[in-house]
Structures are given as structure tokens and as C-alpha cells.
Amino acid sequence: MGISRSTMLRATAAVLLALGVAACDQGGAGDRAEVRLRFFFWGGDKRVELTQKVLDLYHRRHPEVTFDVAAQPNSGYFDTLADRIDSGDAPDLFQIDDNYLTEFAQRDYLLDLGPYVADNRIDLTQVSNGLVRYGRVGSAQVGVAAAENTAALVYDKTLLDRLGVPAPANGMDYPQYLAWAAQISEKSAGTVAGTMDPSADYKAFWLWLRSQDKEFYAGPALGFTEADVTAWFTLWRDARAEGITPAAPVVHEANAGDATKQLVVTGKAATSFMWSNQLPEMQQKTKSELGIAAYPGGEDAAWARASMYWSGYRDTAHADVVADVIDFLVNDAEAAEILGTERGLAPNLRNRRALEISLTDPIMKASIAYTNEMSTRYGKAPLPPPKGHGAIRAALVKAAEAAQSETLTPALAAAQFVTEANAALK
């Protein structure tokens, strides 16, 4: 029987890994009978539990590799990661997202995984090209998608059925969407707003821009104007004046993005602007049946987005092993089954299909089906956001909340945001 190039490369990589561990790993010195990797990520108790199970599985297959695992909540995670790297206590392998990928790459923190991808030691043949490209900064592959998600409008199906309002349709433009949402506010006599006000949500603003053939970023600069932001804030000011969205104090409850505090979960709005992988968590917090649809605007405004990446430290003493662990996390079928949809949908399409077939939870199946459907409509992925993106997201929340509270007009709030965003990019 013939042996494929991929099989030979993976077998060779396994031999090299074993030899590297027994002798000296890339960047290391002296004989190493064992390798101990420092592994760092953010997440709640469920993510910690599942990640540990997967790492235990890797260790059973590679007894010479053990892990020092550390995890913390998302808040403050990237400050902790940067502090650890700067103080000489860098983890070898860690979780990162597109808010900081470019910044950490430009600070020379990240290992270039490109050579491992090129010779198939990290096999990305079952990962979509768009998702692979979204882990590149310049010519370097500095991140490999740990999972995929896409923007999703989560709606209260139970409420809509009770009010006799149809589900939101994919492909509605914003005027159509707001007219649809107005029905809910009217038929509920104002007890439930038709929609969340997402003006503080960078992804909602970004997809709104892409529906107009604009981008959030043009290289290292802003891809929009002050007039664009003013129009965005005005759109939601007018919706609020018509009772289509809740009052500012209610909207502010959800602006931080916590899935458990979204207005579709707390019953204060019929829809929330979220990520597709957040649907199962939101469903657990409400007795209503939730549904999922595309954001208003062009469906090709969405793209194949890594919900987060696996990255390695540039100066790790164990680069070959880091690469092998990443390959395992991305491609191993048993690992994919353990992780499920906790971080988003499996980046390996073969594993994703197998998981979809095996799942019995209708909400998880709906999340996978939605993302798979949207993947046929994706537009071209933008480059990962530039350095300063985290500060820009915070500046958008600040300006949007001023506009929502009407302490600033949409125009003045837009001017404040653009000024602060430009400063963050310098």
C-alpha cells in the first residue's frame, strides 16, 4: 500500500520529536529525558476541566511531556501574560485572541509557527484557508486557530412565538431589521425592547462597516471616518427614541459582553448581538428557547474568525514539542470530542463534522449548523487587528455609552472616539 506524503511527514515528525526530547529540544541545551511545558490560558471552570483532560490525554500518549498548567479569568489575562514574558517566566504555549495577536507579535513575543505548517508538522489541511490566514502577522504564522466562531444575532424564540412575530431573516438590512424589532416593542406594549443597542460593540460596528464596503482598519490606521461613527451612533439614538431599544441604563448592563448578562437572557430585549459559540452558555441562563440568525446587513460582511489562537513563546526551549502539542489540539479527533464547542467550533473540519453528528444537544447543534451555513457566505477575512485594538474597543464603549446616555451628541461622541482611537494606534 502507498504511504501519503502527509503520513510520512507526520511519522517523521513523531520520530524527530522523540529524538529531540531524548537529546536536546530546539533551543535547549544538554540531554533531556523529559520536557515540561508551561501552559497558560483564560477561561472558567468548565474550560479548565476540559483543557486539563486533553493535556492528560497528550501526556498518556507522550509520557515524557508534562504540563505546568495555569489559568485565570479573561479580565487581566493579557497583562498577566505580558508580565510573565517580560519577567522571564514566559509560558511555552498559551491562548491568545485577535485583540492582542498583532501587538504581541510586534513585541517579538510569539514563535513563528510557519516552518511547522510548511512541512506539515502542524497540519492545517483540514482548516479553512481564511482561518489559517487570520493567524498571520506579516509573513509569520504566529497563531493557529483553537476554534472558529462568527457573529450571531441571538433571539428569544419563545417570546417571538408568543407575540406572533416571525424569526429575524438572514440578509435583512438595518432599516428592515429595525422595522422588524419595532413589532416586538409594540406587541409587548413596551415591556420587552425589540433589540439590544449594539453601538458599543466593536464587532457590530465592524460588520456594519463591511456591509458598506469599508473596514475597521486600513493597515495600521483606522478604516472609517468620524462621519461613519456619527451615523452609527445616530442610527441607535433614533431607534432608542422610538422605543425599539431599551433605555441607556439597561443597555449598559450588557455592554461588557458577559453572555450571562445579555438582554435576551435577562428578558429585557428580544435580541442580542453575540458570537455563535456563546449560544449554549446563554441558553443555560434562560428558560426561553433561543434561536440564532445573521447580523443585519450583508452576510458576506462576516468572515472566518478564530475565537482564539494557540501561540508559542518565541524563545521557548521546546519549540518542536510546542508545535506538536498545537497539532494535537487542532487535529486529534479524541481531543476535539473532549473540548466540544467550549472555545468555539473545532477548526479541523473533519472533526467538526464528526462532532456535529455525535451531538444530541439541540442548541450546540444549532450553533454548529449556523456557523457552517455562514461559512458558505463569508467575505474575505481582514488582517488581524493592529496594536492598540484593545484600547480602541474600550474607547468605543466609552463613547457609545456617552451617546446612549445623551451626555454627548452622536457627533461629539464620534469625535471623542476617533481621537482616542487614533492615539491608541500611535
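Keep in mind that what you see is a predicted model, and the values were worked out from it rather than measured.

Asker: So what exactly am I meant to see when it comes to the packing of helix H16 (residues 349-358) against helix H17 (residues 362-375) here?
Answerer: Packed helices, taken two at a time, are described by their axes: the angle between them and the distance between them. At a minimum axis separation of 9 Å, H16 and H17 run at an interaxial angle of 140°. Note on packing geometry: the crossing formed by H16 with H17 is left-handed. Across from Arg352, Leu355, Glu356 and Ile357 in H16, the residues of H17 making contact are Lys365, Ile368, Ala369, Thr371 and Asn372.

Asker: Sorry, what's going on with the packing of aromatic side chains here?
Answerer: We describe a pair of aromatic rings using the distance from one ring centre to the other and the angle between the two ring planes. Evaluated as defined, the whole model comprises 35 aromatic pairs. A centroid spacing of 6.1 Å and a plane angle of 85° characterise the contact between Tyr174 and Trp232, whose relative ring orientation is edge-to-face. Of this pair, Tyr174 sits in helix H8 (residues 174-187) while Trp232 sits in helix H10 (residues 226-241), and the two are 58 residues apart along the sequence. Its relative accessible area of 7% is what places Tyr174 among the buried residues. The exposure class of Trp232 is buried, given its relative accessible area of 0%.

Asker: Sorry if this is basic, but what is going on with the sheet that holds strand E7 (residues 151-156) here?
Answerer: In a beta sheet, neighbouring strands are held together by backbone hydrogen bonds and run either parallel or antiparallel to one another. Spatial strand order, E10-E7-E11: three strands in an open sheet with antiparallel pairing. Of all strands in the sheet, those with a lone pairing partner are strand E10 (271-275) and strand E11 (290-293), marking the two edges. On average, each strand axis in the sheet is inclined to that of its neighbour by 35°, with strand direction left out of account. Looking at chain direction, E7 and E11 are connected through four bridges and run antiparallel. Bridging from a neighbouring strand, Leu153 pairs with Ala293 of E11. The strands touched by H17 within the sheet are E7 and E11, with E11 carrying the most contacts at an inclination of about 5°.

Asker: I tried to follow the pattern of salt bridges on my own but got confused; where do I start?
Answerer: Pairs may arise between side chains of opposite charge once their charged atoms sit close together. Following the criterion strictly, the structure yields 26 salt bridges and no others. Of the charged contacts in the structure, one is a salt bridge between Glu334 and Arg61, with a shortest N-O distance of 3.0 Å. Within this pair, whereas Glu334 is found in helix H15 (residues 333-339), its partner Arg61 is found in helix H2 (residues 45-61), the two being separated by 273 residues in sequence. Classification of Glu334 by relative accessible area gives partly exposed; the value is 38%. For Asp98, the salt bridge goes to Arg305, with nearest N and O atoms at 3.1 Å.

Asker: What is the right way to read the environment of Val325 from this model?
Answerer: Position of Val325 among the secondary structure elements: in helix H14 (residues 319-331). Along the backbone, Val325 and Tyr58 are 267 residues apart, and their C-alpha atoms lie at a distance of 7.7 Å. When sequence neighbours within four positions are dropped, the list of residues in contact with Val325 reads Leu37, Tyr58, Phe67 and Leu93.

Asker: Explain H16 to me, please; I cannot follow it from the model alone.
Answerer: Note that an α-helix has 3.6 residues per turn; residues three or four places apart therefore point the same way. Those residues of H16 lying buried are Asn351, Arg352 and Leu355. Looking straight down H16, one finds its buried side chains confined to an arc of 100°; they lie on one side. Next to the buried residues of H16 lie strand E6 (144-149), H14, H15 and H17. The N-cap of H16, judged by a side-chain oxygen 2.9 Å from the amide nitrogen of Arg350 a few residues on, is Asn348.

Asker: What is the right way to look at unusual backbone geometry in this model?
Answerer: What you tend to see is this: most non-glycine residues have negative phi, and most peptide bonds are trans. Positive phi, close to 65°, is recorded for Asp108, a residue that is not glycine. Positive phi values are uncommon outside glycine, yet Ala189 reaches one of about 55°. Considering the arrangement of structural elements, one finds Ala189 in the loop between H8 and helix H9 (202-210). Residue Ala189 is classed as exposed on the basis of its relative accessible area of 67%.

The rules we used
Numbers given for residues are sequential positions, taken from 1 along each chain in its written order. Totals for whole chains, interfaces and linings use every residue, but because this is a predicted model, local features are given only for residues with pLDDT of at least 70 and side-chain atom pairs only at 80 or more, for both listing and counting. Water and hydrogen atoms play no part in the side-chain values, which are based on all heavy atoms of the structure. Where helices are involved, their axes are fitted lines through C-alpha atoms of the stretch in contact, as for all axes, and angles between N-to-C directions lie from 0 to 180°. Put simply, DSSP H or I for four residues or longer makes a helix, DSSP E for two residues or longer makes a strand, and each gets a number counted from the N terminus. Should the near helix be turned counterclockwise from the far one by less than a right angle, the crossing is left-handed, whereas a clockwise turn marks it as right-handed. In this description, contact between two residues means that some pair of their heavy atoms is separated by no more than 4.5 Å. The pairing test for Phe, Tyr and Trp rings, Trp by its six-membered ring, is centres within 6.5 Å, and the orientation test on the planes gives stacked under 30 degrees, edge-to-face over 60, and tilted for anything in between. Per-residue accessibility, obtained with a 1.4 Å probe over protein chains only, is compared with the maximum for each type, and a residue is labelled buried under 20%, exposed over 50%, and partly exposed between these values. Note on pairing: two strands pair once DSSP finds at least 2 bridges between them. For this document, the term salt bridge refers to a Lys or Arg side-chain nitrogen within 4 Å of an Asp or Glu carboxyl oxygen. Here the arc refers to the directions that run from the helix axis out to each C-beta atom. Two N or O atoms count as a polar contact when they lie within 3.5 Å, although within protein this holds only if one can serve as hydrogen donor and the other as acceptor, and sequence-adjacent residues are included solely when both atoms are side-chain atoms.

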